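Commentary on secondary and tertiary structure
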Amino acid sequence: MSALRRRITAVLVVSQILGGLGVAIGIALAAVLAERVSGSAGLSGLAPTAMVAGTALLSVPLASVMNTRGRRPGLVLAYLIGALGAALVVFGAVVESFPLLLAGMAAFGAGSLATLQARFAAADLAVPERRGQAISLVVWATTVGAVLGPNIAAPAGRTVSGPDIPAEAGPFVWAAGVFLVSAAVVQLLLRPDPLITARALAPGDHRPEGRSLRAGARAVRASPMARLAVVALAVSHAAMVAIMSMTPLALSHHGAGIELIGLVISGHIAGMYAFSPLMGWLADRIGRLAVIGLAAGLLSVSALLAGTAGPSHAQVAAGLFLLGLGWSAGVVAGSALLTDSVPPPARAAAQGLSDLAMNTAAGVGGVLAGLIVAQAGYGWLNLAGALLLLPMAALTVRRAVG
């Protein structure tokens, strides 16, 4: 089993590096491409929003595939849908159809969903006392693609652009290819299927009807710890997306250039992924609840720093780094707690529902963030993000003392 765990984790790490690279290459210029095709800067934000919406909407059907057939078919299908979405984005750009571009971005979100679900695949065969570290290693692997993708998006786009394909659409050609390679890696090497193997080793009823999405929802409702895990995942993700998405605008209003904004966002991404092994180790060593509490604290401090920074670019950078660190703590510990808290037959369904909650919350948060900044300002957005953390903190304290 030790050798099998190491091999499964290695395959997931490779697929995660490729999948993260595909997502990052495509999304880097999505808003710019949307502005070019639509002819409106005001509509450019709909491209990343469509991706988040697609990720949320596809969570449930792809979780159903994993419930009935295992992780491998679900992850392969997700990457294939992502590749199809990238191709549709390119076609929409070529024919200058904004609705087609948005439909492609929604399907492209399946690639992002695959990178999210991979962390649960790593937990399938992990022993409980090392589950947090198994999840965090796969999350950490996303660092490579997330950092490299935006930096190679423009050069990659120029290699395939021409009279028919705009340079801003070129990265999606590369993203489609990377997703296809990711699908091939998972299909050929993720054997035996970790979820099917884990179910075979676990005692109890493994009939298909015991693994429906409804059963997953029942399992989450029946477990106070599972409910806390879903809240932690959704709130951490929503707070991070809302504040991060508006930070470049706030920095530009205080005179920051593109290079400085890119540096701040790179520091934020490093906080999200690079330290996830530390968060996994802490989740296993001091407990899931303690690390979820740490996430609430880090996210609150980040909102305080960023929201009161004003023209201080260094303070905003510190706040964004802590925002990524808090997200990492919340996602790693929340994912481990959810896996711990539901029975094996319902885990994949519960995990799919948690990703649905995460991405729905992020989509709503992203939309509200723009409205709050437009009406009240960046400082008030950070205050709203901090207030959003109160239910998560209260539930964590309640479970810890109960």
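Owing to the predicted nature of the structure, the values given are computational and were not obtained by experimental measurement.

The rules we used
Residues numbered from 1 in each chain as written. Predicted model: local features only at pLDDT ≥ 70, side-chain atom pairs only at ≥ 80, totals over all residues. Heavy atoms only, no water. Buried < 20%, exposed > 50% of the residue type's maximum accessible area, 1.4 Å probe, protein only. Helix = DSSP H or I, 4+ residues; strand = E, 2+ residues; numbered from the N terminus. Arc of directions from axis to C-beta. Contact = heavy atoms within 4.5 Å. pLDDT = per-residue confidence, 0-100. Salt bridge = Lys/Arg side-chain N within 4 Å of Asp/Glu carboxyl O. Polar contact = N/O pair within 3.5 Å; in protein donor to acceptor, adjacent residues only side chain to side chain.

A look at helix α2 (residues 30-38)
One turn of the α-helix equals 3.6 residues, which is why residues spaced by three or four share an orientation. Buried within α2 we find Ala30, Leu33, Ala34 and Val37. Here the buried residues of α2 occupy an arc of 100° about the axis, which is enough to place them on one side. Structurally, α2 contributes buried residues whose contacts are with α1 (2-28), α3 (46-69), α4 (71-94), α5 (98-124) and α7 (170-189). Backbone geometry just downstream of α2 places Gly39 in the positive-phi region, at approximately 75°.

Let's talk about the confidence of the model for the protein
Looking at the protein as a whole, its pLDDT mean stands at 89, while 96% of the residues score no less than 70. Across the protein, the element-wise mean pLDDT spans from 82 in helix α11 (residues 258-273) up to 97 in helix α13 (residues 288-307).

So, the pattern of salt bridges
Once the charged atoms of two side chains with opposite charge are near each other, the side chains can pair. Applying the stated criterion across every chain, the model contains 6 salt bridges. Taking the shortest distance from any N to any O, the salt bridge between Asp340 and Arg131 comes out at 2.5 Å. Of this pair, Asp340 sits in helix α14 (residues 313-341) while Arg131 sits in helix α6 (residues 131-160), and the two are 209 residues apart along the sequence. By relative accessible area, Asp340 is classed as partly exposed at 30%. Overall, the relative accessible area of 5% leaves Arg131 in the buried class. Taking the shortest distance from any N to any O, the salt bridge between Arg288 and Asp340 comes out at 2.7 Å. Of this pair, Arg288 sits in helix α13 while Asp340 sits in helix α14, and the two are 52 residues apart along the sequence.

Quick look at the side chain of Asn67
Its location among the elements puts Asn67 in helix α3. A distance of 3.0 Å separates a polar side-chain atom of Asn67 from the backbone nitrogen of Ala349.

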